Amino acid sequence: LQPVLESAALCHGPVLLGGDFNTNPMRWFGGFLPFPAGHAQSRGTSERLASLGFGSALPIGRTTHDLPGFQLDWVFARGLQISGAEVRPLTLSDHHALTVHLDHTAGLSVRN
């Protein structure tokens with residue numbers, strides 16, 4: 001995520017970041033044995049992006065995967081107003097679809 005954040009820092013206009021950030025609620029022993037750890041990765045990711053001026057379309061803990069409690073997918077915005085979001089299960093993937101509603105006038109300026 002760091003290279004994406006470095007590129008976003010160079011953008012002076014609105015920025016929309018989204019994707020599978022793999023913020024699962026597990027800690028990994030030896031890199032292969034999972035055990036439950038709460039929402040530490042989700043919280044850390046959300047707090048880091050908030051410190052850079054990004055708002056999240058989803059609250060921490062909103063499941064985006066077939067496995068309950070797994071919030072892997074995110075949409076963050078800077079310079080755009082998020083007015084709503086929905087998560088919908090898909091039959092073709094274990095990840096769910098995210099639909100984000102943006103206020104197209106908030107945070108935007110028009111140059112003549």
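Everything here concerns the structure above.
These notes cover the structure that comes with them. In this text the structure is predicted, and so the values were computed from the model without any measurement.

### Considerations on the overall build of the protein chain
Across its full length, the protein chain carries two helices and seven strands. Counting helices and strands in the order they occur from the N terminus, the protein chain gives α-β-β-β-α-β-β-β-β. Across its three principal directions, the C-alpha atoms of the protein chain cover 55 × 30 × 20 Å. Contacts in the protein chain between residues at least 24 apart in sequence constitute 52% of all its contacts with a sequence separation of at least 6. As displayed, the protein chain has an accessible area near 7,000 Å², and 58% of this comes from carbon and sulfur atoms.

### So, helix H2 (residues 40–51)
Along an α-helix, residues three or four positions apart point the same way, because every turn accommodates 3.6 residues. The end-to-end C-alpha separation of H2 is 16 Å, in line with the 16 Å expected for twelve residues at 1.5 Å each. Of the positions making up H2, those classed as buried are Ser42, Thr45, Ser46 and Leu49. Summarising the axial view, the buried residues of H2 lie within an arc of 95 degrees, below the 170-degree limit, and thus occupy one face. Across from the buried face of H2, at angles greater than 90 degrees, the exposed residues are Glu47 and Ser51. One or two residues past the end of H2 sits Gly53, with phi positive at roughly 90 degrees.

Calculation criteria
- Residues numbered from 1 in each chain as written.
- Predicted model: local features only at pLDDT ≥ 70, side-chain atom pairs only at ≥ 80, totals over all residues.
- Heavy atoms only, no water.
- Helix = DSSP H or I, 4+ residues; strand = E, 2+ residues; numbered from the N terminus.
- Contact = heavy atoms within 4.5 Å.
- Areas by Shrake-Rupley, 256 points an atom, 1.4 Å probe, with all protein chains shown as cover.
- Expected span 1.5 Å × (residues − 1).
- Buried < 20%, exposed > 50% of the residue type's maximum accessible area, 1.4 Å probe, protein only.
- Arc of directions from axis to C-beta.

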